[in-house]
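Chain by chain, the residues run as shown.
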Amino acid sequence: MDKKINRIVIVGGGTAGWLAAGVIAATHQSGADGNAPKVTLVESSDVPTIGVGEGTWPTMKNTMKQIGLKESDLFRRCHAAFKQGGKFVEWVHGDGDFYYHPFTVPLGYGRLDVAPYVSDIVNFAVESNFQHSVCEAGLAPRTMAESEYQGQCNYAYHLDAGAFAELLKEHCTEKLGVEHIIGTVEDVTLTQDGAIEAICLTNKEVIEGDLFVDCTGFSSLLLGKALDVSFISNDDILFNDTALALQVPYEKDDSPVATHTIATAQNAGWIWDIGLTKRRGVGHVYSSKFISDDEAENNLRKYLGSQAEGLTPRKIGFKSGHRAQYWKKNCVAVGMSGGFVEPLEATAIMLVEIAARHIADNLPSDTRTMEIIEKRFNQQMDYRWRRVIDFLKLHYMLTQRPEPYWQAHRDESTVPESLKEDLAIWASRGPTAADFDSAIELFPAASYQYVLYGMGFKPDFSIQSYLYKGKQQAERIFQRNKQLTAQLLQTLPPHRTYIERWLSSTAN
Ligand SMILES: Cc1cc2nc3c(=O)[nH]c(=O)nc-3n(C[C@H](O)[C@H](O)[C@H](O)COP(=O)(O)OP(=O)(O)OC[C@H]3O[C@@H](n4cnc5c(N)ncnc54)[C@H](O)[C@@H]3O)c2cc1C
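One structure accompanies this document, and this report is about it. This one's a predicted model, so the numbers in the text were calculated from it and none came from an experiment.

**Observations concerning the site of the ligand**
Surveying the vicinity of the ligand reveals 31 residues, the closest of which are G13, V47, G55, V185 and I349. At a separation of 3.4 Å, an oxygen atom of the ligand approaches a polar backbone atom of T15. The backbone of V47 places a nitrogen or oxygen atom 2.6 Å from an oxygen atom of the ligand. Coverage of the ligand by the protein chains reaches 96% of its 1,000 Å² of free accessible surface. At the level of secondary structure, the elements contributing two or more residues to the shell around the ligand comprise α1 (15–30) and α9 (347–362).

**Comments concerning unusual backbone geometry**
If you check the backbone angles, Y149 has positive phi at about 65° while not being a glycine. At D228, a position not held by glycine, the phi torsion is positive, near 60°. Along the polypeptide, D228 turns up in the loop between α7 (221–226) and β12 (231–233).

**Topic: the sheet that holds strand β21 (residues 339–340)**
In spatial order, the strands read β12-β18-β21; together these three strands make up an open sheet with antiparallel pairing. Two strands close off the open sheet at either side, each with one partner strand: β12 and β21. As defined by bridge partners, β12 adjoins strand β18 (residues 321–323) across three bridges and the pair is classed as antiparallel. Bridge assignment links S233 to a residue of β18, and that residue is G321. The strands touched by helix α10 (residues 370–397) within the sheet are β18 and β21, with β18 carrying the most contacts at an inclination of about 175°.

**Here we look at the pattern of salt bridges**
Summed over the entire model, instances satisfying the criterion amount to 24 salt bridges. A salt bridge links R279 to E54, with the nearest nitrogen and oxygen atoms 2.8 Å apart. Here R279, found in strand β16 (residues 279–286), pairs with E54, found in the loop between β2 (38–43) and α2 (59–67); they are 225 residues apart in sequence, far enough to count as distant. Both residues of the pair, R279 and E54, belong to the buried class.

**Focus: the packing of α9 against α10**
In the contact formed by α9 and α10, the axes pass within 12 Å of each other and the chain directions differ by 160°. As far as their axial angle goes, α10 and α9 are roughly antiparallel. As for the relative orientation of α9 and α10, their crossing is right-handed in sense. Seen from α9, the contacting residues are T347, L351, I354, A355, H358, I359 and N362; seen from α10, they are I373, F377, Q380, M381, R384, W385 and V388.

**Observations regarding helix α12 (residues 417–429)**
Across its 13 residues, α12 extends 19 Å between first and last C-alpha, which sits within 8% of the 18 Å expected from 1.5 Å per residue. Looking only at α12, the buried set comprises L419, D422, L423, W426, S428 and R429. Those residues of α12 that are buried lie in contact with α10 and α13 (445–454). Directly beyond the C-terminal end of α12, a positive phi value near 70° is found at G430.

**Structural notes on the nonpolar core**
One recurring pattern in soluble globular proteins is that nonpolar side chains are buried together. Formed by 149 residues in total, the largest nonpolar core has its most connected members in M64 and W91. V42, V185, I207 and L223 belong to the second-largest nonpolar core, a separate cluster that totals 17 residues.

Criteria and cut-off values
- Residues numbered from 1 in each chain as written.
- Predicted model: local features only at pLDDT ≥ 70, side-chain atom pairs only at ≥ 80, totals over all residues.
- Heavy atoms only, no water.
- Near = heavy atom within 4 Å.
- Polar contact = N/O pair within 3.5 Å; in protein donor to acceptor, adjacent residues only side chain to side chain.
- Areas by Shrake-Rupley, 256 points an atom, 1.4 Å probe, with all protein chains shown as cover.
- Helix = DSSP H or I, 4+ residues; strand = E, 2+ residues; numbered from the N terminus.
- Pairing = 2+ DSSP bridges.
- Contact = heavy atoms within 4.5 Å.
- Axes fitted to C-alpha atoms, helices over the stretch in contact; angles between N-to-C directions.
- Salt bridge = Lys/Arg side-chain N within 4 Å of Asp/Glu carboxyl O.
- Buried < 20%, exposed > 50% of the residue type's maximum accessible area, 1.4 Å probe, protein only.
- Parallel < 35°, antiparallel > 145°, perpendicular 65-115°, else oblique.
- Left-handed = near helix turned anticlockwise from the far one by under 90°.
- Expected span 1.5 Å × (residues − 1).
- Core = buried A, V, L, I, M, F, W, Y, C linked by side-chain atoms within 4.5 Å.

Here it is, written out as structure tokens:
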């Protein structure tokens, strides 16, 4: 029988749970006519959140705005900083090389592909875009003249994951009417047709719902355990399975804050370095098949030098992969309960935002259309997961590093067919905006260009030379980029200075 969706029960109060609650509640409250479904979030005080996840994607700006949060509150409460992209250090040869994946697309993007005209393909990011230079100079993406959520360069955030969940919790419960229950789920009851009927807490409270959102992290309590949806591993493509995480104090209160994530390749993984205003988040992601925990810890200590003294890293094991489906019956997984791959491009929180948006926008008023929504959600998320995996693998497979871990990444048998196909096409013309014109695409062609060319992949543009008649236009774009770069280097303030001035000018 068709049933009205009156109550949405979200289980889990990590970043995924509170973001999902915020997006769903903000969307449905705004059209409130007394028929808006009630949103309840249940979280355990005994099971901690993952507590990492500090890099985001530029989609977060819209998500914050849509939920109704002030950007200055995000910075103040979560010690946030601007993230203008990623700097990949020593991924090509391991001898000091680096390239950027900035968030601003190349000048002329969508009108003219400038890649065939750059002086050398590895200079693509520098010659087509000013953001590389802005990041290298440690500048903020905007001046005091711009207002919240605006910028001369595209940006996302680095933020303290624990503080972020707290901020979202406060906003959801105080402003968006989300009901908050603290309790540990010990049982899940199913209806005759295999949907979730209710969750039962250890205090014997039973919570019924019409739609259940599983945000229980790696345990995947509802979708994985109660509904028995299997896990598909990707560890044959992406080998990392362990992380060592540290919170590192700055040497001085006014130490510069990096305005990009720094990902430095190691012998069997990479080290992330994320600058918040109060501290840095630094960690080593690696494959336990290639190095021991001790060796990984040595790598991390070597990277940090004396700054690691007295600090003990926290070890986090993970499985790379995703569920065979993300929505089943009246249960949808958001966050790590649906899947996880290493945090190389901060895709996890972006996928949380996308999934939450999809649920909010497609929320059925009753169960009649649930099956169709389930089918479409699964198709779209499957596509996105494939894209994420391909994009991450791209960072590894073009390396020339000699270590066994990197050689294994280059092995053809570990490269997905879809990525091999892309590379075959790009060998003669490189990625273009038209390759990624799907409305559900995660990364624009620009992202692929930055990574491919940064890694030294050089298409033979002469094969399809008939496509390239824009040399003069490209020269004008390069000239314009030089001017813009010089101008921004003069006018944009240092990152930390800007944040401090801006926050003091917006203090209550
Ligand atoms: C090393 C590492 C680095 C990462 N870095 C990034 C990054 O830079 N960018 C990015 O986008 N993502 C990153 N991620 C991923 C990111 O941390 C997560 O996607 C994000 O925090 C969401 O987690 P979650 O809410 O799904 O799960 P969790 O944070 O694990 O939350 C699970 C919740 O479920 C609750 N729960 C569990 N069991 C029960 C139960 N029985 N009853 C009631 N409640 C229960 C817990 O109490 C908790 O509230 C990283 C992950 C790792 C492992």
